[in-house]
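Summary of structural features
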Amino acid sequence: MIYRACVVGLVSALLAAAPAQAAVVSPTPDAAPTFNGTVWATAYVGDTVYVGGDFTTATAGGASVARGRLAAFDARTGALRSWAPSADGRVRAIAASGGLIYVAGEFGYVNGLRRDNLARLDAASGAVRGGLVHSVGGQPYALATGNGRLYVGGSISAVDGQARYRLAAFDLATGALDANWRPSAGATVQALAAAGDRVYVGGKFTGRVAAVHPASGAADPSFRPQASDEVRALAVTDAGVYAAHGGPGGRVVAYGLDGAGRWNLTMDGDPQAITVLDGIVYFGGHFDNVCRSPRTGYKGSCLDGSIRRVKLGAAVASDGELLPWTANGNGSAGVHALATSAALGKLGAGGAFTAINGAPRAYFAQFSL
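Residues numbered from 1 in each chain as written. Predicted model: local features only at pLDDT ≥ 70, side-chain atom pairs only at ≥ 80, totals over all residues. Heavy atoms only, no water.

So, the overall build of the protein chain
Put simply, the test is: By definition, any uninterrupted DSSP run of H or I lasting at least four residues is a helix, any uninterrupted run of E lasting at least two residues is a strand, and each is numbered from the N terminus. When we talk radius of gyration, it's over C-alpha atoms, and the globule rule is simply 2.2 Å times the number of residues to the 0.38. Exposure is judged per residue with a 1.4 Å probe applied to protein chains only, and the accessible area is read against the type maximum: over 50% gives exposed, under 20% gives buried, and values in between give partly exposed. Between two residues, a contact is recorded if the distance between any of their heavy atoms is within 4.5 Å. Residue-level accessible areas treat just the shown protein chains as cover; the underlying method is Shrake-Rupley with a 1.4 Å probe. A positive count includes Lys and Arg, and a negative count includes Asp and Glu. His and the chain ends are not counted in either. Working definition for charges: the position is that of NZ of Lys, CZ of Arg, CG of Asp or CD of Glu.
Check the secondary structure of the protein chain and you find 1 helix and 34 strands. For 369 residues, the compact-globule formula gives about 21 Å, and the C-alpha radius of gyration of the protein chain, at 21 Å, lands near that figure. Along the first, second and third principal axes, the C-alpha set of the protein chain runs to 80 × 55 × 40 Å. In the protein chain, which comprises 369 residues, the proportion classed as buried is 54%. Excluding contacts between residues fewer than 6 apart, the proportion of contacts in the protein chain whose partners are at least 24 apart in sequence is 43%. Accessible area for the protein chain stands at about 14800 Å²; split by element, carbon and sulfur atoms hold 52% of it. Within the protein chain, the 24 negative side-chain charges are centred at a point lying 3 Å from the centre of the 30 positive side-chain charges.

Structure, rendered in C-alpha cells:
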C-alpha cells in the first residue's frame, strides 16, 4: 500500500508539473458568410473580420448580396456588415491600423476612384481615404503595418517612378512613400511580418527569409536562417518565426529569433498560409498529407508514410508536435489565407475550398476555441 501510494503520488506530481496543452479550435466551423469566388486575404479588427479576393457576392443567413472583392462580417454572429467597398480586380492582401484598412492586389479602381493596386479604406464606412495614391510598378502580394509604416512586398519595381526592389514602405499618417526605407530583394517577396524592431521578409529571393530594420531597411545580421525553398507565408511570436515553405512537397519550419531552425513538418503539397493562436501553429495550403519524415518523392509524395491532413493542419508551437485536429478542406488549390483573433479565440481561413469535413463552406471558414 505504501509503494502504491508513492507511485500515485509521483504520477500526480509529474502531471502537475507538466505544461498544460494549449486549447485547439473546434474542427466544426462557425456560422459565417460564404462567397462565390476565392478568398485570398483576411484580417481581424476587433469583432470584425475583413476579407478580400475574387468574389462578387457574399451569402449570409440565406441572402446573397453584391460584394466587389471586399467584404466584412461580425466575427461573433457571422452577420455581414454593411461595409462594401468595391475593387475592380483581385484583392490579395489586407492589413489594418488606426481605423483604416489597407488593401493590395490586382486592381485599378476602388469605389470608382483610381487606385493602382494599393488603397486605404475607412474601417467603418468602406470609403476610400486619401493620401495613399501612387503609381505602383509591378504586383504587390503582401502587406504589414508597424512602426508608423505600411510595408508592401511583391514583384514591385518602382513606385511613382522611383526604383524599388520588391519592397517599399509608406507613412501611415500621410500615405507618402518612405524615401529612406529601401531594402532590396532579388526576386518576388510573398510574405511580410512586422514585429518589434524587425520586419521579416519571405519569398523567392536568395536566402528565402530575412529580417530588416523597420526604419532604415538595413538587413539584420543577427537573424541568419538556413532556408532553401521559397517562403509563401510568415507568422511571428515572441518565441520565434514560423514559415510556410514551398518546394518538393512543402514544409512548415519554426525558426528561433536568431534564425536557427527549431523544428519542421513536411507535407505532400505547399503550405500557403500560417498563423499562431494560443500556442498552436495553424497552417493551410494545397497538401493532403503530413509526411512521417522529410523524405519526399515525385510531386512531393511522402516516401516514409503519411498522416492525413487535407488543406489544414495544426501543431504545437513549442516543439512541432502534429495535433489530431482535422478540419479537412476540399478542392486542389486549398487554403490561401489564415488569420486569428486572440481576444475572440477565433481562426479564420480563406481560400479556394468549398467544404470543410464534407459540410458546405464556400471559400471561407471560421473556427472557435
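The rest of the description comes next.
As for the environment of Asp197
Here Asp197 shows up in the loop between β18 (189–195) and β19 (198–203). What makes Asp197 exposed here is its relative accessible area of 55%. Along the backbone, Asp197 and Pro214 are 17 residues apart, and their C-alpha atoms lie at a distance of 6.1 Å. Each residue touching Asp197, except ones within four places of it in the same chain, is listed here: Val212, His213 and Pro214.

A few points about unusual backbone geometry
The backbone of Asn147 shows a phi angle near 55 degrees, a positive value even though the residue is not glycine. Tracing the chain through its elements places Asn147 in the loop between β13 (140–146) and β14 (149–154). Of note, the phi angle at Arg166 is positive, near 75 degrees, even though the residue is not glycine. Mapped onto the secondary structure, Arg166 falls in the loop between β16 (162–163) and β17 (167–171).

A short note on the sheet that holds strand β31 (residues 346–351)
Definition in use: Two strands are counted as paired when DSSP detects at least two bridges linking them. Axis definition: a line fit to C-alpha positions, over the contact stretch in the case of helices; interaxial angles, taken between N-to-C directions, run 0 to 180 degrees.
Within the open sheet, the 3 strands sit side by side as β30-β31-β34. Their pairing is antiparallel. Single-partner strands in this sheet number two, and they are β30 (335–341) and β34 (364–368). Each adjacent strand pair in this sheet contributes to an overall mean axis angle of 15 degrees, direction not counted.

Overview of the packing of aromatic side chains
Basically, it comes down to this: Side-chain rings of Phe, Tyr and Trp, where Trp is taken by its six-membered ring, are said to pair if the distance between their centres is within 6.5 Å; with planes under 30 degrees apart they count as stacked, over 60 as edge-to-face, and otherwise as tilted.
Scanning the entire structure with this criterion turns up 9 aromatic pairs. With a centroid separation of 4.8 Å and an interplanar angle of 80 degrees, the aromatic rings of Tyr50 and Trp83 are classed as edge-to-face. With Tyr50 in strand β3 (residues 48–53) and Trp83 in the loop between β6 (70–74) and β7 (91–97), this residue pair connects regions lying 33 residues apart in the sequence. Ring centres of Trp325 and Phe367 lie 5.6 Å apart, and the angle between their planes is 80 degrees; this geometry places the pair in the edge-to-face category. A residue pair is termed long-range when its members are at least 10 positions apart, and Trp325 in the loop between β29 (312–316) and β30 and Phe367 in strand β34 qualify at 42 residues. Judged by its relative accessible area of 5%, Trp325 falls in the buried class.

A word on the state of the cysteines
The line we're drawing: A pair of cysteine sulfur atoms is labelled a disulfide when the two atoms are within 2.5 Å.
Inspection of every chain in the model, using the stated rule, returns 1 disulfide. Here Cys291 is linked by a disulfide to Cys302, with a sulfur-sulfur distance of 2.0 Å. Residues Cys291 and Cys302 are joined by a disulfide whose S-S torsion is about -70 degrees; by sign, that bridge is left-handed. Highlighted residues: Cys291 in strand β27 (residues 289–291) and Cys302 in the loop between β27 and β28 (306–308), separated in sequence by 11 residues. Note on Cys291: relative accessible area 9%, which makes it buried.

Some words on the confidence of the model for the protein chain
Applied cut-off: pLDDT: the predictor's confidence for each residue, scored from 0 to 100.
Here the protein chain averages 94 in pLDDT, and 94% of its residues register 70 or above. Low confidence marks residues 1–19, where pLDDT is under 50. Its contacts with residues over four positions away, or in another chain, come to 0 contacts.

Regarding the pattern of salt bridges
For clarity, the threshold we go by: A pairing counts as a salt bridge when a side-chain nitrogen of Lys or Arg comes within 4 Å of a carboxyl oxygen of Asp or Glu.
All told, the structure shown has 14 salt bridges when counted by the stated rule. In this structure, Arg90 and Asp54 form a salt bridge, with 2.7 Å as the shortest nitrogen-oxygen distance. Taken as a pair, Arg90 in the loop between β6 and β7 and Asp54 in the loop between β3 and β4 (57–60) lie far apart in primary sequence, 36 residues in all. For Arg90, a relative accessible area of 24% gives the class partly exposed. Judged by relative accessible area, Asp54 falls into the partly exposed class, the value being 26%. Notably, a salt bridge pairs Glu106 with Arg92, separated by 2.7 Å at the nearest N-O pair. Within this pair, whereas Glu106 is found in the loop between β8 (100–105) and β9 (109–110), its partner Arg92 is found in strand β7, the two being separated by 14 residues in sequence. Judged by its relative accessible area of 34%, Glu106 is partly exposed. For Arg92, a relative accessible area of 18% corresponds to the buried category.

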